[in-house]
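An overview of the molecular structure
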Amino acid sequence: LRIGNIDSRGALVVLEGLDRCGKTSQCSRLLSYLEGLGHSVELWRFPDRTTSVGQMISAYLSNESHLDDHTIHLLFSANRWEKRSMMEAKLKAGTTLIVDRYSYSGVAFSSAKGIDIEWCKAPEIGLLAPDSVLYLDIPPEKAAERGGYGGERYEHLEFQRKVAQCYQMLRDSSWKIIDACQSIEDVEKQLKEIVLDQVTACKKGKPLSLLWS
Ligand code: DGP
Ligand code: NA
Ligand code: NA
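Residues numbered from 1 in each chain as written. Chains lettered and ligands numbered in written order. Predicted model: local features only at pLDDT ≥ 70, side-chain atom pairs only at ≥ 80, totals over all residues. Heavy atoms only, no water.

So, the coordination of the sodium ion (ligand 2)
Within the protein, the atoms that donate to the sodium ion (ligand 2) are Asp19 (OD) and Glu155 (OE), at distances of 2.6 to 2.7 Å. Taken as a pair, the sodium ion (ligand 2) and the sodium ion (ligand 3) lie 4.6 Å from each other. One end of the pair, aspartate 19, is in the loop between strand E1 (12-17) and helix H1 (23-36); the other, glutamate 155, is in the loop between helix H7 (140-145) and helix H8 (157-168), and 136 residues separate them in sequence. Glutamate 155 shares its class with aspartate 19; the two are buried. (Donors = N, O, S within 2.8 Å, 3.2 Å for Na, K, Ca; no water. Helix = DSSP H or I, 4+ residues; strand = E, 2+ residues; numbered from the N terminus. Buried < 20%, exposed > 50% of the residue type's maximum accessible area, 1.4 Å probe, protein only.)

Okay, structure coming up:
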C-alpha cells in the first residue's frame with residue numbers, strides 16, 4: 001500500500017484562442033466543474049495585470065503607453081516568469097491550474113507583428129510546459145461578429161487574422177483544437193472530458209516538462 005504519491009501533482013491546463021473566442025467563460029466553467037468534483041483548482045490568467053509589470057502591460061494594451069514591439073514582448077514574458085515559481089509550487093502541492101492565455105499568446109501576438117518566431121520563443125524557454133493546450137478555434141470574422149471587442153490595442157479584425165495564422169505554427173502534441181463555433185454547452189462538454197483526463201494523469205504522476213519541448 002502506498003500512502004500518498006510524492007509525484008502526484010495538479011495539472012497545468014491552458015486555454016488559448018483569438019480575442020472573443022469564448023475562452024474566459026469556458027475557464028470559469030471548468031473551474032466550477034473541477035471544484036464540484038472536489039479537486040483543488042485555481043483560475044489564472046495572463047497577462048496578470050495586478051503586478052507592476054502587469055500594470056505596464058495594461059497601460060500598453062489600453063493605448064495609454066507606447067512601447068517598442070520587442071520591449072512589450074519581453075514584459076509579457078517577464079509577467080509569466082514572475083509567476084513561475086508560484087505556478088510550480090501550486091502544481092506540486094496538487095492544485096490544478098486553469099490558465100487563460102500563456103506563452104502561445106506571447107509568441108502568436110508578437111510574431112503577428114512580424115517579429116521572428118524563434119526570437120519570440122527564446123524568453124519563454126524554461127517556463128513550465130502545459131499538460132494540455134485547449135485551442136478554441138474560431139474564424140476571426142466570426143469572433144469579430146460576436147462584438148464586444150473592447151477597443152484594446154489588438155482588438156481589430158486585420159490583426160486577429162494574422163494572430164490566427166501564427167497560432168497555427170505553434171500547434172504540437174499537447175494541443176487539442178476545439179471548434180469554438182459550437183454552442184457554449186458543446187464546447188464545455190468537450191473541454192471537461194479532456195481536462196478530467198489530464199487531472200487524472202497528473203494525479204498518477206505524469207512528469208512536468210518545460211517549454212519548448
Ligand atoms: P486578455 O486579458 O486575455 O483579453 O488579453 C489581453 C490582450 O493581450 C489580448 O489581445 C491578447 C494579448 N496578449 C495576451 N498575452 C500576450 C502576450 O504574451 N504577448 C502579446 N504581445 N500579447 C498578448
Ligand atoms: Na482582450
Ligand atoms: Na480574454
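Digging into the packing of aromatic side chains
Summed over all chains, the structure comprises twelve aromatic pairs. Between phenylalanine 46 and tyrosine 102 the ring centres are 5.9 Å apart and the planes differ by 45°, which places this aromatic pair in the tilted class. Taken together, the residues span a long stretch of sequence, with phenylalanine 46 in the loop between strand E2 (41-45) and helix H2 (52-61) and tyrosine 102 in the loop between strand E3 (96-100) and helix H5 (103-111) at a distance of 56 residues. One exposure class covers both phenylalanine 46 and tyrosine 102, and it is buried. When the centroid spacing of 6.2 Å and the interplanar angle of 50° are considered together, the rings of phenylalanine 109 and phenylalanine 159 count as tilted. With phenylalanine 109 in helix H5 and phenylalanine 159 in helix H8, this residue pair connects regions lying 50 residues apart in the sequence. The exposure class of phenylalanine 109 is buried, given its relative accessible area of 7%. Using a relative accessible area of 15% as the deciding quantity, one classes phenylalanine 159 as buried. A connected cluster of aromatic rings, assembled from ring pairs, spans Tyr60, Tyr104, Phe109, Tyr135, Tyr154, Phe159, Tyr167, Trp175 and Trp212. For lysine 121, the ring lying beneath its charged end belongs to tryptophan 212, and the centroid distance is 4.9 Å. Over the aromatic face of tyrosine 60 sits the side chain of arginine 153, whose NZ or CZ is 3.7 Å from the ring centroid. (Phe/Tyr/Trp six-rings, centres within 6.5 Å; stacked < 30°, edge-to-face > 60°. Lys NZ or Arg CZ within 6 Å of the ring centre and 35° of its normal.)

Observations regarding helix H4 (residues 84-92)
Two residues of an α-helix separated by three or four positions point the same way, owing to the 3.6 residues in each turn. Those residues of H4 that sit buried are Arg84, Met87 and Leu91. For H4, the angular spread of buried residues about the axis comes to 60°, placing them on one side. Across H4 from its buried face, at more than 90 degrees, point the exposed residues Ser85 and Lys92. The inward-facing, buried residues of H4 abut E1, E2, helix H3 (69-81) and E3. Once H4 finishes, glycine 94 follows within two positions and takes phi at roughly 100°, a positive value. (Arc of directions from axis to C-beta. Contact = heavy atoms within 4.5 Å.)

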